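In case you want the letters, here they are:
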Amino acid sequence: MKAIQISQTGGPEVLHVRDIDAPVPSEDEVLVDVQVAGVNYIDTYYREGVYHAALPFVPGLEGTGRVVYDPQGEIAEGTVVAWCDAFGSYAEQVCVPRDRLVAVPEGVSPDVAASMLLQGITAHYLTYGVYDLQEGDSCLITAGAGGVGLLATQMAAAKGARVFSVVSSNQKEKLALEAGATEVFRYSDNLAEVVRRRNDGVGVDVVYDGVGKDTFNESLEAVRPRGTVCLFGAASGPVEPFDPQLLNTHGSIFLTRPSIGAWTSGEGEFRMRAQAVTQAVVDGTLKFRVSSSYPLAEAAQAHRDLHARKTTGSIVLQVQD
Ligand code: NDP
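Residues numbered from 1 in each chain as written. Predicted model: local features only at pLDDT ≥ 70, side-chain atom pairs only at ≥ 80, totals over all residues. Heavy atoms only, no water.

### Here we look at the layout of surface pockets
Under the convention used in this document: Of the two site types, the cavity is a set of points on a 1 Å grid over the protein atoms alone where a 1.4 Å probe fits but cannot get out, and the pocket is an open set with protein on both sides within 12 Å along at least five of seven lines, each lined by residues with an atom within 4 Å of a point. Grid points are joined across faces, edges and corners, and a volume is the space filled by probe spheres set on the points. Numbered from the N terminus, helices here are DSSP runs of H or I no shorter than four residues, and strands are runs of E no shorter than two. All residues other than Ala, Val, Leu, Ile, Met, Phe, Trp, Tyr, Cys, Pro, Asp, Glu, Lys and Arg, Gly among them, are scored as polar; the first ten of these are nonpolar and the last four charged. Bear in mind that the domain bounds are from an automatic or database domain assignment.
Roughly 1,100 Å³ of volume is contained in the largest pocket. Around the largest pocket, the lining comprises 50 residues; the ones closest to its centre are Tyr41, Ile42, Tyr45, Val148 and Gly210. Residue assignment for the lining of the largest pocket shows that the elements contributing at least two residues are α1 (41–48), α2 (110–130), α3 (147–158), α9 (299–307) and β15 (314–318). Class assignment for the residues of the lining of the largest pocket results in 24 nonpolar, 20 polar and six charged. Counting the residues that make up the lining of the largest pocket, at least three belong to each of domain 1 (2–118 + 264–318) and domain 2 (135–257).

This is the structure:
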């Protein structure tokens, strides 16, 4: 089968198309033909070696396609499914852990199905789990027009929260406003100041920060005393080690660095969040913006565009018809 394989970690140029053997599912897995693979920022951390995987490896964690073979005979061949957490999804076939796949409802497009779970579940656990926003709460979301950002914005706005979004361009500002942001700022703004000016003089209840290094200090400044800074990613690089005393000086604030793994590890938690996201897609209450679609062979270009901050919403790879 054709797959993107990484033989040594590095820049986008290490993403090569290769012919490799198809994987063989264990009893806990289902073999699927991949139609579309989702591209996520986390894929770039594996490619760079920031997150470790044994070489050579096929990157990618999510996608949509048809079931080829279920060793337990529970899922019929041809069933259209979507998944996340199946390492090796940039390939014509992948083994998906059976507890990490969902049936794709009719009417959901392959591009949306391929990108709805990882980013959708992340946005869900951030806004319903890490800090369960209530009506009248306020939040600040960095990379507000990215994959997770646009979804978290919609979820937070639907809960009646005030959403302050940070983006890098006018086009991204427009998208964040369409998603329900109350106000959109730039990274060059003094976030602590502009947030307070628009938030009755106080910091926000929670900052959802997926940018990391470049925004972390401002995130600490922008939150209210006893508020929460949720550092959930590192698009600009990992945060430098810091003195925990800073949490005291900013008013006894809480800091968490969550992962989708931990926030889907409870009994039935993955299914609950996946169902909430899928249902919202079907109802039309959660809109996915798949801004770019690349052939599998152009995975390197997809990563380049993600790094260059050219993408908005989600992006996908077309693997096969
Ligand atoms: P995005 O679509 O949000 O792409 C990343 C965005 O980050 C860019 O579009 C850009 O938006 C912003 N950004 C800011 N600084 C930089 C920089 N120096 N280089 C590149 N981009 C920058 O990606 P995802 O939605 O896939 O992921 C968003 C974040 O969420 C990532 O950090 C990812 O690791 C994290 N994540 C964490 C999960 C978890 O469970 N902890 C799960 C899923 C994602 P702009 O131009 O507006 O600044």
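### Looking at the site of the ligand
The line we're drawing: Summary of the distance rule: residues count as near a molecule or strand when at least one heavy atom falls within 4 Å of that molecule or strand. Pairs of N or O atoms within 3.5 Å make up the polar contacts considered here, provided that, within protein, one atom can donate a hydrogen while the other can accept it, and that residues adjacent in sequence are counted only when both atoms are side-chain atoms. All accessible areas in this document rest on Shrake-Rupley with a 1.4 Å probe, and a residue is counted as covered only by the protein chains that are shown. A molecule is counted as occupying a cavity or pocket when more than half of its atoms fall within 2 Å of that pocket's grid points.
Taken together, 31 residues are adjacent to the ligand, and Tyr45, Ser168, Lys172, Tyr187 and Gly210 come closest. Contact between the ligand and Tyr45: an oxygen atom at 2.7 Å from a side-chain N or O atom of the residue. Within the contact set of the ligand, a nitrogen atom lies 3.4 Å away from a backbone nitrogen or oxygen of Ala235. About the coverage of the ligand: the protein hides 93% of its 900 Å² of free accessible area. Applying the majority rule of atoms within 2 Å of the grid points places the ligand in the largest pocket.

### Observations regarding the domain arrangement of the protein
For the record, the criterion: Should any heavy atoms of two residues lie within 4.5 Å, those residues are counted as being in contact. Note on definitions: buried area is the accessible-area loss of two parts on being combined, 1.4 Å probe, summed for both. In the sections that follow, a salt bridge refers to a side-chain nitrogen of Lys or Arg positioned within 4 Å of a carboxyl oxygen of Asp or Glu.
On domain assignment, one finds that the protein holds domain 1 (2–118 + 264–318) and domain 2 (135–257). Each partner contributes to the interface: domain 1 provides 14 residues, whereas domain 2 provides 16 residues. Surface buried jointly by domain 1 and domain 2 totals about 1,100 Å² across both partners, of which 55% is contributed by carbon and sulfur atoms. Our count for the domain 1 to domain 2 interface comes out at zero salt bridges. At the boundary of domain 1 and domain 2, one finds seven residue pairs in polar contact (both at pLDDT 80 or more). By residue class, the composition of the side of domain 1 that touches domain 2 is six nonpolar, five polar and three charged.

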